[in-house]
Amino acid sequence: MQYKAMQAAGQIPATALLATSTVGGVTITPTQVPIIGSQMTRQARRLYVGNIPFGVTEEAMADFFNAQMRLAGLSQAPGNPVLAVQINQDKNFAFLEFRSVDETTQAMAFDGIIFQGQSLKIRRPHDYQPLPGMSEQPSFHVPGVVSTVVPDSPHKLFIGGLPNYLNDDQVKELLTSFGPLKAFNLVKDSATSLSKGYAFCEYVDVNVTDQAIAGLNGMQLGDKKLIVQRASVGAKNANPNAIIQTPVTVQVPGLPTMQVQNTGLPTDVLCLLNMVSPDELIDDEEYEEILEDIREECSKYGTVKSIEIPRPLDGLEVPGCGKIFVEFISPLDCQKAMQALTGRKFANRVVVTKYYDPELYHRRDF
């Protein structure tokens, strides 16, 4: 093995030196911890991986993690960080064994990574004992990976009142309208694996936390209303009334950032977000089909006066491109449509709705 050969040549130490600590004026130097193959550190070098793809091989899992460690710059020496993989096919989990304690800890940053369409759940083994002087949490956030554990922090959000039929991806899609997630957990019944109707999350950019609260709290989803607030009461002394009055910046993936007014009082214009992407509006036939679908669906809830779906133009940034605006004959019809459409799926996307200012609509100010 290349790594062992380098150790034998003295290029890499065979042991990891732990930090010394001072207790009551006495300096304590912990014993050296071997990096590779030591029984003493074995539990600190193993990770449990749940929700693995059906039929995956040990070799494929080792290759995947070794490649991800290298890509993220977490591999600390030449050779493979993963020494061995054990898979339990019946129970759909695996154990990974790493060559070093530190690389094991850093690999926990991959909790939630997608492998062959499955979101992996990465945890310490039950018999894990922390080693003195060693960090227990990864020091690195892997871009694009949404952790399945949401640690307590001032920015941890509670999302309650979720319809039980919404799955992880649908709830995530609703939340990522405001920005990418760092961590997300939809709480499920351990016996049935069905959603309990609430979740926790944290955003990569903590500055969008208040925007998400303002935009989602009180939103009608089917027959339920969302409750969105910081998980730890008193985490931030913000005036909730002040937040609710501010416009919300919504970032729907693949679309430019957009400012929309909060749900507020009903108007006769409904703005639908996250239903179409600009790419789907280029082809004339596809555009007409989408227009007809929207008209047909919205007419179930009231009389539709007009519909505007801004389309992309070559080389030009078109305001409101990717949004759909529907004008009803009355605010009451508009309200009915909002209650029925919010949280529904359209082409595998979760629909987000907002009332829109009729004056802006008639000025085509999208």
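Residues numbered from 1 in each chain as written. Predicted model: local features only at pLDDT ≥ 70, side-chain atom pairs only at ≥ 80, totals over all residues. Heavy atoms only, no water.

Observations regarding the overall build of the protein chain
Along the protein chain, the regular secondary structure elements total 9 helices and 24 strands. When burial is assessed residue by residue, the protein chain has 46% of its 366 residues classed as buried. Taking contacts inside the protein chain between residues at least 6 apart in sequence as the whole, the part at least 24 apart equals 64%. Of the accessible surface of the protein chain, which amounts to about 18800 Å², a share of 52% is contributed by carbon and sulfur atoms. (Helix = DSSP H or I, 4+ residues; strand = E, 2+ residues; numbered from the N terminus. Buried < 20%, exposed > 50% of the residue type's maximum accessible area, 1.4 Å probe, protein only. Contact = heavy atoms within 4.5 Å. Areas by Shrake-Rupley, 256 points an atom, 1.4 Å probe, with all protein chains shown as cover.)

Topic: the packing of aromatic side chains
A complete count under the given rule lists 13 aromatic pairs for this structure. Among the aromatic residues, ring-to-ring pairing joins F64, F65, F110 and F115 into one connected group. Seen from the ring of Y287, R311 lies directly overhead, with NZ or CZ sitting 4.1 Å from the centre. (Phe/Tyr/Trp six-rings, centres within 6.5 Å; stacked < 30°, edge-to-face > 60°. Lys NZ or Arg CZ within 6 Å of the ring centre and 35° of its normal.)

A word on the sheet that holds strand β24 (residues 352-356)
If you walk across this open sheet you meet the 4 strands as β20-β21-β19-β24, and the pairing is antiparallel. Either end of the sheet is taken by a strand with one partner, and the two such strands are β20 (304-308) and β24. Strand-to-strand, the axes of this sheet are offset by a mean angle of 25°, without reference to chain direction. In this sheet, strand β21 (residues 324-328) lies alongside strand β19 (residues 269-273) in antiparallel orientation, the contact comprising 4 bridges. Along β21, the bridge assignment pairs L272 with I324. (Pairing = 2+ DSSP bridges. Axes fitted to C-alpha atoms, helices over the stretch in contact; angles between N-to-C directions.)

Focus on the nonpolar core
Most often, soluble globular proteins have nonpolar side chains that are buried together. Residues I159, L162, L175, F184, Y203 and L226 are the most contacted members of the largest nonpolar core, which totals 32 residues. Only β11 (157-160), α4 (168-175), β12 (181-188), β13 (195-203), α5 (209-216), β19 and β24 provide two or more residues apiece to this core. With near-sequence residues (within four places) excluded, F184 lies in contact with V146, S147, T148, V150, D168, V171, K172, L175, A199, F200 and C201. One finds F64, V85, A94 and L96 within the second-largest nonpolar core, a separate group that totals 27 residues. (Core = buried A, V, L, I, M, F, W, Y, C linked by side-chain atoms within 4.5 Å.)

Some points on the environment of Q129
In this fold, Q129 is placed in the loop between β10 (121-123) and β11. Sequence spacing of Q129 and R42 is 87 residues, and the spatial spacing of their C-alpha atoms is 10.0 Å.

Some details on α4
Residues of α4 that are buried: Q170, V171, K172, L174 and L175. Residue N167 occupies the N-cap position of α4, its side-chain oxygen lying 3.2 Å from the main-chain nitrogen of D169. (Polar contact = N/O pair within 3.5 Å; in protein donor to acceptor, adjacent residues only side chain to side chain.)

Considering the sheet that holds β13
In a beta sheet, neighbouring strands are held together by backbone hydrogen bonds and run either parallel or antiparallel to one another. Strands sit in the order β12-β13-β11-β16 across an open sheet of 4 strands; the sheet is antiparallel. Only two strands of the sheet have a single partner each, and these edge strands are β12 and β16 (227-230). Taken over all neighbouring pairs, the strand axes of this sheet differ in orientation by 20° on average, direction set aside. Lying over the sheet, α4 contacts β11, β12 and β13, oriented at roughly 140° with respect to β12. Lying over the sheet, α5 contacts β11, β13 and β16, oriented at roughly 155° with respect to β16.

Concerning the confidence of the model for the protein chain
Summarising the model, the protein chain shows a mean pLDDT of 78, and 79% of its residues fall at 70 or more. Of the regions scoring below 50 in pLDDT, residues 1-35 engages in 52 contacts with residues more than four places distant in sequence or in other chains. Segment residues 233-263: pLDDT under 50, and 61 contacts once partners within four positions in sequence are set aside and those in other chains are kept. (pLDDT = per-residue confidence, 0-100.)

Remarks on the environment of C271
Take C271: it is sitting in strand β19. Residue class for C271 comes out buried when judged on its relative accessible area of 0%. Residues C271 and G320, spaced 49 residues apart in sequence, show a C-alpha to C-alpha distance of 9.9 Å. Contact partners of C271, with chain neighbours within four places excluded, come to K323, I324, F325, V352, T353, K354 and Y356.

Focus on the pattern of salt bridges
Scanning all chains against the criterion turns up 13 salt bridges. R45 is the partner of E97 in a salt bridge, and the nearest nitrogen-oxygen pair spans 3.2 Å. In this pair, E97 is assigned in strand β7 (residues 93-98) and R45 in the loop between β4 (33-34) and β5 (46-50), connecting sequence segments 52 residues apart. The same class applies to E97 as to R45, namely buried. Salt-bridge contacts for K305 lead to E327; the nearest nitrogen and oxygen are separated by 3.8 Å. Of this pair, K305 sits in strand β20 while E327 sits in strand β21, and the two are 22 residues apart along the sequence. When salt bridges that share partners are traced, they join R42, R45 and E97 into one network. (Salt bridge = Lys/Arg side-chain N within 4 Å of Asp/Glu carboxyl O.)

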